Protein chains: 2
Amino acid sequence: MNAPDPHAGEPFAERLALTRVPFPASCKAYIPGQLYTDLRVPVRDITLTNGEQVSVYDSSGPYTDAQAVIDVRRGLASVRGGWIAGRGDVEHYAGRAPLAGDDGPKSAEAAALQRPPLRAKAGANVTQMHYARRGIVTPEMEYVALRENGKREWMAQYLADTDREQRLRGNAMGADIPKTITPEFVRAEVARGRAIIPANINHPELEPMAIGRNFRVKINANIGNSAVTSSIEEEVEKLVWAIRWGADNVMDLSTGRNIHTTRDWIVRNAPVPIGTVPIYQALEKVGGVAEDLTWAIFRDTLIEQAEQGVDYFTIHAGLRLAHIQLTAGRRTGIVSRGGSIMAKWCMVHHRESFLYQHFEDICEIMKAYDVSFSLGDGLRPGCASDANDQAQFAELHTLGELTRLAWKHDVQTMIEGPGHVPMHMIEANMAEQLKTCHEAPFYTLGPLTIDIAPGYDHIASAIGAAMIGWMGTAMLCYVTPKEHLGLPNRDDVKQGIMAYKIAAHAADVAKGHPGARARDDALSQARFDFRWQDQFNLGLDPDTARDYHDQTLPKDAAKVAHFCSMCGPKFCSMKITREVRDFAAQRGLAETDAQTLGLELKAAEFQRHGGRLYVPVTPVE
Amino acid sequence: MNAPDPHAGEPFAERLALTRVPFPASCKAYIPGQLYTDLRVPVRDITLTNGEQVSVYDSSGPYTDAQAVIDVRRGLASVRGGWIAGRGDVEHYAGRAPLAGDDGPKSAEAAALQRPPLRAKAGANVTQMHYARRGIVTPEMEYVALRENGKREWMAQYLADTDREQRLRGNAMGADIPKTITPEFVRAEVARGRAIIPANINHPELEPMAIGRNFRVKINANIGNSAVTSSIEEEVEKLVWAIRWGADNVMDLSTGRNIHTTRDWIVRNAPVPIGTVPIYQALEKVGGVAEDLTWAIFRDTLIEQAEQGVDYFTIHAGLRLAHIQLTAGRRTGIVSRGGSIMAKWCMVHHRESFLYQHFEDICEIMKAYDVSFSLGDGLRPGCASDANDQAQFAELHTLGELTRLAWKHDVQTMIEGPGHVPMHMIEANMAEQLKTCHEAPFYTLGPLTIDIAPGYDHIASAIGAAMIGWMGTAMLCYVTPKEHLGLPNRDDVKQGIMAYKIAAHAADVAKGHPGARARDDALSQARFDFRWQDQFNLGLDPDTARDYHDQTLPKDAAKVAHFCSMCGPKFCSMKITREVRDFAAQRGLAETDAQTLGLELKAAEFQRHGGRLYVPVTPVE
């Protein structure tokens, strides 16, 4: 912290060049609370060229609000400060004294942004789960309910029992999704442990969101420097960039220098929950020597990060000494960083994991700040041929046991999952998690369905992510094209997020999440109507869609043309369809045509059953 | 054809700059036939740095064979010429006289490459299905069998009944995949109509391949100029580029000028089957006015293209007059170009489709050249909310009826499918096709699982493609990032193919195709061993993988480093795993650890069953 900041004197906002341009034809709107009237839940309203408006879930925070004044040196405005204070169960305190090693050995950046921390008063438990179990609907819970519903101006259509909606009805795969999310429903889900609202009391800037299988499927993006490359400035802009494109949560996986300060900047500027893997920093503090880790150092790191406002901690407490042997026959052993650190510690000391042994001590810290557990899958498979093996399921079983312990303390908990799982094994993996972990939210990395796509693992894993999301996973951790190869840059982060927004939305549509298909329908209608601008603006990435269209047909006139470059003006099928419709309207297609067809279908059905009037009891080959 | 060629005098090969560089660490090898000793089936052998060799399926043709001399002005060397002539059932004939309109109104290119055509002798039927049904194993069938098996040096492992293989055993979803593909198996599948070998007798350059649910899942790439952009030179290089990255089939969807000549260049230089949609050219011939189409013009176009060597025709004969009404309530009507052309024709004339009415006349042409049907889905859904609707299934039903008719003539047949289908409706769509079309191979476009991803529809559709491939689809038609927006360029074609290679391979792994996982295992082993070069070279796209690694760690030393940029040297989990293994080997982890764990798991299982020693007969909630 002593070396001079080479950018001292420059306005930080300029250096960062935060991406703040609003989405095209969009404006930020806020839904007011009803139980809590100071609630303002953000949505993005897209205005179409035909005057309609489509409202979409918005994770981008104040950065896309043209009205918001943002100074990254001060951090975002408080959203939750009043609610937290209003509960009367927290107190300011001096906080842990900074240590020389907090930022690693080579710190050279501006001072941290840390505010005086809060913690629960003695004997208090400040978790959302604790409130929920006492029947309290918190502002966070109402916020989440309003956010999940969005502006359901279109809902009537999707809840109607028309032929179309019956045909398209989702298959919720055991989820229990109500037509409207009420604050009480959110409370009940949190109380039961089936959903979490990661919301550290030291993260007042947070716009609350829920992770649970009865809510929209969420995605997480990882950012973080490393020992090899990257800088703090890049990390904050990566956060802004990631949430712009739809990351619901962000994990800060920094491992290099300035690890503490980087985290300060990120949390203070984050409207989304921030997760970390505290063992990474703890390991830094012991010079990277896993066997030198101690409970004291780890505990101190948890408090350090809880005071900063981290919303969830990945903790690999399920990897036990006895599990390690189970990985001996694996093709790729232990691929989780945290898992391998703990495995090494257990092996060298030949002792049970201190994370497992101190699990209830950890719960005490979690509940003093409302940090949620993301119980790490240290033994997740690192390749297809290690999928669903004894090592993974043994650890998962322990995670289920720890979930019960965490819930005893009313600590919110989700479970991390693989990794690499071929398609035909995904359902079994999901079923094992639901059963073993008592429906605590599942949070999976992919899974990757094949191993041979380095450079395209965002796609190989989006396939698995979409499927497992449909089957019950609550949050999907993204994978970028650089997975297995290098650190993602700005474009890689966006590519990874896009692939995962697609997977999550595909899951929502398949589950039949109310209203999920509304945006698809609006976009398809725009496509059919040749409303090109609306088609772009309703998409997940208007910039790229518009750019691709420009590459083939750059003229502005083409944006209103009733054809596109794929068929050209003569062949356009949609144009011909319109002509067919007009022609039919003019001339009137005989009703009998359709009736005739119906009869033919019935006749063919009859033939298929062997020409007999009754299907025989013994099937004929 | 009269305007001067601006490149006259330049060597064509130079102008085209065909991509001929072999894949890294790879060489082309050929598996000899046993029944037919002149058979040479190509595979690509990848040599690893540890001396092992991995052999992979190779669709790239002679272009990646450093030994092959290729002159695009003459076309590729004949592969099948001797086999076709040897059957004694074909004859040369003058062929159809070229017409002025064959190349459209504005031809301006070099002369076509066409050779004197062959056709079946009077009364003969030269389809692979006809031979198969008479019990004849053709060279094409042995070729396909050898190609599907590849070099199964690894097969023993995957066919063994080890614990690992039992755990990972695929779920074939009703497919019937033998451990080894024999020529007789191929014959039986073709005879039964469950597989096709698209192989026009006028396409001797073809390296035969099979499309069927009991074979590897194949992919198709579309190329083609259009009225708006593109040139012939680009089209041939697009073919070479597409098969390099793994396209098993290519459809030439050209609609613009020089349509006939472009096709000549493509077929003569294609080692893969080429498909077309003849109605596109027929429509050009009538100036783009759908209602001016006649059976005579369409028939002439079929013969024109059959003489050129096109291997399969998309024919929208299943769209009947009476179906059109069923699209009235759709959100996006008819989105198939061929479908909309036929719908317009039917409406204007208020008559049954001439394709439907002349279907057996078409069969007569198909069997004289062995052109396969790809029965078009003119009523495929164009958006999620039109999926699996009455219009689509009514047409599918007609396609099943036409399949029976085609099979009566021993004409090989596959069925085209959607399109846009949310995940939860894919299985029903596949089931309907299998039932209705008597297991004729399904050939689907995607399907796209959501509509809101313009710019990323290769990903939105790869999810659906992987799933439907697993469930029984035999060939997946790719979608590029430009879908719905513009014409794909070189990079878009590659992106689309990569997404679909991933989908097809994920399907093969899930189905448990013998040996499919071998390449994944080899790559994952290389990853674990820090054999970076092998990891790149075993991937679907070595260039991109290497490039991504270079972006973060450009030094050559990093290619042998025992860490990567993601964790850096201190944290590498794989490195730690190795240390754990070494440590365990040195010190010896007590056997009892694992035993203890096993007992714990058993105890927990016991608890799960209510603490009773026997699971009660009546399940307890």
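Residues numbered from 1 in each chain as written. Chains lettered and ligands numbered in written order. Predicted model: local features only at pLDDT ≥ 70, side-chain atom pairs only at ≥ 80, totals over all residues. Heavy atoms only, no water.

(A) Structural context of the overall build of chain A. Summing up its helical and strand segments, chain A has 25 helices and 15 strands in all. Of all 621 residues assigned to chain A, the portion counted as buried reaches 66%. Here the contacts in chain A between residues at least 6 apart in sequence split such that 76% fall between residues at least 24 apart. For chain A, the accessible area works out to roughly 20600 Å², and carbon and sulfur atoms hold 54% of it. (Helix = DSSP H or I, 4+ residues; strand = E, 2+ residues; numbered from the N terminus. Buried < 20%, exposed > 50% of the residue type's maximum accessible area, 1.4 Å probe, protein only. Contact = heavy atoms within 4.5 Å. Areas by Shrake-Rupley, 256 points an atom, 1.4 Å probe, with all protein chains shown as cover.)

(B) Representation of helix 16 (residues 390-408) of chain A. Residue and element names in this part refer to chain A. For helix 16, which comprises 19 residues, the first-to-last C-alpha distance of 27 Å matches the rise-based estimate of 27 Å (1.5 Å per residue) to within 8%. Three or more residues of helix 16 are buried, namely Ala-391, Gln-392, Ala-394, Glu-395, Leu-396, Thr-398, Leu-399, Gly-400, Leu-402, Thr-403, Ala-406 and Trp-407. Asp-410 lies just past helix 16 and shows a positive phi near 55°. (Expected span 1.5 Å × (residues − 1).)

(C) The side chain of Glu-189 of chain A, seen in detail. All names here are of chain A. Take Glu-189: it is sitting in helix 7 (residues 183-192). Within the local environment of Glu-189, its side chain forms a polar contact with the side chain of Arg-194, the two groups lying 2.8 Å apart. Dropping the residues within four chain positions of it, Glu-189 is found in contact with Arg-194, Ala-195, Asn-214 and Phe-215. (Polar contact = N/O pair within 3.5 Å; in protein donor to acceptor, adjacent residues only side chain to side chain.)

(D) Local environment of unusual backbone geometry. At the junction of Pro-418 of chain A and Gly-419 of chain A, the peptide bond is cis and its omega measures out at 5° in the coordinates. Inspection of the secondary structure assignment puts Gly-419 of chain A in the loop between strand 13 (413-417) and helix 17 (426-436). Here Gly-446 of chain B and Pro-447 of chain B are connected by a cis peptide whose omega angle stands at 10°. Mapped onto the elements of the fold, Pro-447 of chain B is located in the loop between strand 14 (442-445) and helix 18 (457-471).

(E) Highlighting the pattern of salt bridges. All names here are of chain A. Here the structure, examined in full by the defined rule, presents 74 salt bridges over all chains. Between Glu-304 and Arg-96 there is a salt bridge, with the nearest N and O atoms lying 3.4 Å from each other. Of this pair, Glu-304 sits in helix 11 (residues 295-308) while Arg-96 is found in the loop between strand 4 (90-92) and strand 5 (118-120), placing the two residues 208 residues apart along the sequence. You can call Glu-304 buried: its relative accessible area is 1%. For Glu-352, the salt bridge is made with Arg-320, and the minimal N-O distance between the two is 2.9 Å. In this pair, Glu-352 sits in the loop between helix 13 (337-349) and helix 14 (354-357) while Arg-320 sits in the loop between strand 11 (312-315) and helix 12 (321-324), placing the two residues 32 residues apart along the sequence. As far as burial versus exposure is concerned, Glu-352 and Arg-320 are alike and both buried. Through salt bridges with shared partners, a single ionic network connects Arg-96, Asp-102, Lys-285, Asp-300 and Glu-304. (Salt bridge = Lys/Arg side-chain N within 4 Å of Asp/Glu carboxyl O.)

(F) Here's a closer look at helix 18 (residues 457-471) of chain A. Residues and elements named next belong to chain A. Helix length check: helix 18 (15 residues) gives 21 Å between terminal C-alpha atoms against 21 Å at 1.5 Å per residue, within 8%. Within helix 18, 15 of the 15 residues are buried, which leaves it mostly tucked inside the rest of the structure. Backbone geometry just downstream of helix 18 places Gly-472 in the positive-phi region, at approximately 140°.

(G) Structural view of the pairing of strand 14 (residues 442-445) of chain A. All names here are of chain A. Burial of strand 14 is two-sided: the residues Phe-442 and Thr-444 facing one way and the residues Tyr-443 and Leu-445 facing the other way are all buried. In this structure, strand 13 lies alongside strand 14, joined through three bridges in parallel fashion. Bridging from a neighbouring strand, Ile-415 pairs with Phe-442 of strand 14. What joins strand 13 to strand 14 is helix 17, and the crossover it makes is right-handed. With three bridges connecting them, strand 14 and strand 15 (residues 475-477) associate as parallel partners. Bridged to Thr-444 within strand 15 is Leu-476. Taken together, strand 14, helix 18 and strand 15 constitute a β-α-β crossover, and its handedness is right-handed. (Pairing = 2+ DSSP bridges. Right-handed = clockwise from strand over helix to strand, strands pointing away.)

(H) Fine view of the sheet that holds strand 2 (residues 40-47) of chain A. All names here are of chain A. What the three strands build is an open sheet, ordered 1-2-3; its pairing is antiparallel. Looking at which strands have only one partner, the edges of the open sheet turn out to be strand 1 (26-32) and strand 3 (53-57). Neighbour to neighbour, the strand axes of the sheet diverge by 40° on average, direction disregarded. The pairing of strand 2 with strand 3 spans five bridges and is classified as antiparallel. Considered in strand 3, the bridge of Val-43 is made with Tyr-57. The strands that helix 4 (residues 139-149) touches are strand 1, strand 2 and strand 3; relative to strand 2, the one it contacts most, it runs at about 15°. (Axes fitted to C-alpha atoms, helices over the stretch in contact; angles between N-to-C directions.)

(I) Quick look at the packing of aromatic side chains. Taken as a whole, this structure holds 20 aromatic pairs over all chains when the rule is applied. Relative to Trp-245 of chain A, the ring of Trp-241 of chain A lies with its centre 5.7 Å away and its plane at 80°, an arrangement referred to as edge-to-face. On the basis of relative accessible area, Trp-245 of chain A is assigned to the buried category, the value being 4%. An aromatic cluster is built from Trp-295, Phe-298, Trp-345 and Phe-354 of chain A, whose rings are joined through pairwise contacts. Positioned over the ring face of Phe-23 of chain B is Arg-244 of chain B, at 4.5 Å from the centre of the ring. Above the face of the Trp-241 of chain B ring, Arg-490 of chain B is positioned so that its terminal group lies 3.7 Å from the ring centre. (Phe/Tyr/Trp six-rings, centres within 6.5 Å; stacked < 30°, edge-to-face > 60°. Lys NZ or Arg CZ within 6 Å of the ring centre and 35° of its normal.)

(J) The sheet that holds strand 2 (residues 40-47) of chain B, seen in detail. Residue and element names in this part refer to chain B. Across the sheet, which stays open at both edges, the three strands sit in the order 1-2-3 with antiparallel pairing between neighbours. The two strands at the open ends of the sheet, each matched to only one other strand, are strand 1 (26-32) and strand 3 (53-57). Each adjacent strand pair in this sheet contributes to an overall mean axis angle of 40°, direction not counted. Relative to strand 2, strand 1 runs antiparallel, the two being bridged by seven bridges. Pairing of Lys-28 across the sheet is with Arg-44, part of strand 2.

(K) Structural view of the environment of Val-126 of chain B. Residues and elements named next belong to chain B. Secondary-structure assignment places Val-126 in the loop between strand 5 (118-120) and helix 3 (128-133). Separated by 39 residues in the primary sequence, Val-126 and Arg-87 place their C-alpha atoms 8.9 Å from one another. Non-local contacts of Val-126, meaning those with residues more than four positions away in its chain, are made with Asp-89, Val-90, Ala-120, Tyr-131, Ile-201, Lys-367, Ala-368, Tyr-369 and Asp-370.

(L) Layout of the packing of helix 11 (residues 295-308) of chain B against helix 15 (residues 359-369) of chain B. Residues and elements named next belong to chain B. For the pair helix 11 and helix 15, interaxial distance at closest approach is 10 Å and the crossing angle is 10°. Considering their axes alone, helix 11 and helix 15 lie roughly parallel with respect to each other. Residues Trp-295, Phe-298, Arg-299, Leu-302, Ile-303, Ala-306 and Glu-307 of helix 11 lie in contact with helix 15, whose contacting residues are Asp-361, Ile-362, Ile-365 and Tyr-369. Grouping the amino acids of the contact of helix 11 with helix 15 by side-chain chemistry returns eight nonpolar, no polar and three charged. (Parallel < 35°, antiparallel > 145°, perpendicular 65-115°, else oblique. Nonpolar A, V, L, I, M, F, W, Y, C, P; charged D, E, K, R; others polar.)

(M) Geometry of the confidence of the model for chain A. All names here are of chain A. Looking at chain A as a whole, the pLDDT averages 87, with 83% of positions reaching at least 70. With pLDDT under 50 throughout, residues 1-15 is counted as low confidence; its partners more than four residues away or in other chains account for 19 contacts. Note on residues 589-621: pLDDT under 50 across the span, and 26 contacts to partners over four residues away in sequence or across chains. Across the interface, the model reports ipTM at 0.91; the global pTM reads 0.91. (pLDDT = per-residue confidence, 0-100.)

(N) Local environment of the packing of helix 15 of chain B against helix 16 (residues 390-408) of chain B. Residue and element names in this part refer to chain B. Where helix 15 contacts helix 16, the two axes come as close as 10 Å, and the packing angle between them is 45°. By the angle between their directions, the pair helix 15 and helix 16 is classed as oblique. The two elements helix 15 and helix 16 meet at a crossing, and its hand is right-handed. On helix 16, the residues touching Phe-359, Glu-360 and Cys-363 of helix 15 are Leu-402, Leu-405, Ala-406 and Lys-408. For the contact of helix 15 with helix 16, the class distribution of residues is five nonpolar, no polar and two charged. (Left-handed = near helix turned anticlockwise from the far one by under 90°.)

(O) Geometry of the pairing of strand 12 (residues 372-375) of chain A. Residue and element names in this part refer to chain A. Neither face of strand 12 is left uncovered, since the one carrying Ser-372 and Ser-374 and the one carrying Phe-373 and Leu-375 both have all their residues buried. Strand direction decides the pairing type here: strand 11 and strand 12, joined by four bridges, are parallel. When the sheet's bridge partners are listed, Tyr-312 is paired in strand 12 with Ser-372. Taken together, the three bridges between strand 12 and strand 13 define a ladder with parallel strand orientation. Along strand 13, the bridge assignment pairs Phe-373 with Thr-413.

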